[in-house]
Amino acid sequence: DSGVTQTPKHLITATGQRVTLRCSPRSGDLSVYWYQQSLDQGLQFLIQYYNGEERAKGNILERFSAQQFPDLHSELNLSSLELGDSALYFCASSPRARGTDTQYFGPGTRLTVL
Amino acid sequence: GIQVEQSPPDLILQEGANSTLRCNFSDSVNNLQWFHQNPWGQLINLFYIPSGTKQNGRLSATTVATERYSLLYISSSQTTDSGVYFCAVVAFNKFYFGSGTKLNVKP
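These remarks concern the structure in this document. (Residues numbered from 1 in each chain as written. Chains lettered and ligands numbered in written order. Predicted model: local features only at pLDDT ≥ 70, side-chain atom pairs only at ≥ 80, totals over all residues. Heavy atoms only, no water.)

Quick word on the state of the cysteines
Applying the stated rule across the entire model yields 2 disulfides over all chains. The side chain of Cys23 of chain A participates in a disulfide bridge whose partner is Cys91 of chain A; the two sulfur atoms lie 1.9 Å from each other. Between Cys23 of chain A and Cys91 of chain A, the S-S dihedral sits near 70°, and the bridge is therefore right-handed. Here Cys91 of chain A lies in strand β9 (residues 87-94) and Cys23 of chain A lies in strand β3 (residues 19-24), a separation of 68 residues in the sequence. Each member of the pair, Cys23 of chain A together with Cys91 of chain A, is buried. Between the sulfur atoms of Cys23 of chain B and its disulfide partner Cys87 of chain B the distance amounts to 1.9 Å. A torsion of 70° about the S-S bond marks the disulfide between Cys23 of chain B and Cys87 of chain B as right-handed. Placement of Cys23 of chain B in strand β3 (residues 19-25) and of Cys87 of chain B in strand β9 (residues 83-91) is noted, with a sequence separation of 64 residues between them. (Disulfide = S-S within 2.5 Å. Helix = DSSP H or I, 4+ residues; strand = E, 2+ residues; numbered from the N terminus. Buried < 20%, exposed > 50% of the residue type's maximum accessible area, 1.4 Å probe, protein only.)

Brief notes about the packing of aromatic side chains
Both the distance between ring centres and the angle between the ring planes are used here to describe each pair of aromatic rings. This model, assessed by the stated rule, comprises 11 aromatic pairs over all chains. Their ring planes at 35° and their centres at 5.6 Å tell us that Tyr35 of chain A and Phe105 of chain A sit as a pair that is tilted. Taken together, the residues Tyr35 of chain A in strand β4 (residues 31-38) and Phe105 of chain A in strand β10 (residues 104-105) connect sequence positions 70 residues apart. Judged by relative accessible area, which is 2%, Phe105 of chain A ranks as buried. Ring geometry for Phe45 of chain A versus Phe95 of chain B: centroids 5.6 Å apart, planes at 50°, classification tilted. Taken together, the residues span two chains, with Phe45 of chain A in strand β5 (residues 42-50) and Phe95 of chain B in strand β10 (residues 94-97). Taken together, the ring pairs in this structure connect Tyr33, Tyr35, Phe45, Phe90 and Phe105 of chain A together with Phe35, Phe86, Phe95 and Phe97 of chain B into an aromatic cluster. One cation-aromatic arrangement involves Arg22 of chain B over Tyr69 of chain B; the distance from NZ or CZ to the ring centre is 4.2 Å. (Phe/Tyr/Trp six-rings, centres within 6.5 Å; stacked < 30°, edge-to-face > 60°. Lys NZ or Arg CZ within 6 Å of the ring centre and 35° of its normal.)

Notes on unusual backbone geometry
Cis peptide bonds are those with omega within 30 degrees of zero, and the linkage from Thr7 of chain A to Pro8 of chain A qualifies with -10°. By secondary structure assignment, the location of Pro8 of chain A is in the loop between β1 (5-7) and β2 (10-13). For the peptide bond that leads from Ser7 of chain B to Pro8 of chain B, omega is -10°, which places it in the cis range. Tracing the backbone through its elements, the reader meets Pro8 of chain B in the loop between β1 (4-7) and β2 (10-14). With phi around 45°, Ser80 of chain A is a residue other than glycine that occupies positive phi space.

Some words on the interface of chain B and chain A
With 14 residues of chain B at the interface, the matching set in chain A holds 19 residues. If you look at where chain B meets chain A, you find 0 salt bridges. The interface formed by chain B and chain A contains 4 residue pairs in polar contact (both at pLDDT 80 or more). Among the secondary structure elements, those contributing two or more residues to the side of chain B that touches chain A are β4 (31-37), β5 (43-48) and β10 of chain B. Here the element with the most residues in the side of chain B that touches chain A is β4 of chain B; it accounts for 4 residues. When its residues are assigned to classes, the side of chain B that touches chain A shows 6 nonpolar, 7 polar and 1 charged. (Contact = heavy atoms within 4.5 Å. Salt bridge = Lys/Arg side-chain N within 4 Å of Asp/Glu carboxyl O. Polar contact = N/O pair within 3.5 Å; in protein donor to acceptor, adjacent residues only side chain to side chain. Nonpolar A, V, L, I, M, F, W, Y, C, P; charged D, E, K, R; others polar.)

In structure tokens:
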């Protein structure tokens, strides 16, 4: 158990809908990362937050947004969903924002868009 | 963005064998990390290794940043080593992943 929790574990929804994925980092970790894993695109870095502030942005679509709250949990919002958004979404946390930090991954949320 | 290529894409080993996985990248990077995804999907961060060599048990990694490649060595492989190994390079705080090497260790 990495100490990172993600909810829900599975999510099935329809095209055009909006969903919110939640991530709670390990106790004491200030940095949260979001990743998308799909058969087509492989593993992709979406976005990183550090202590409530956006730190780095990867291949995150404009239809997607994220935030990190004062209690350090993070939410990834996906809107106007398309079939191609079906994927496994991971979050990870690390103590700080340094590249030397080990990232601890949650179990992922599997999103299916029908 | 930075291109990351991993080889081989697939690898089948008998338990106890050794293996070398390779990661090539197209540009200078600040950081390189290796990850393992087990057959149940759990991701683990194995190494942070922008240059030089590190060892952790039966796993070791070497990165030659000037030649833009990294190697992951697995010695005396075990069935629990099965899964997909990803390398990721970091430039300007962004992670770029390779497509992975899928390893199957047979008993």
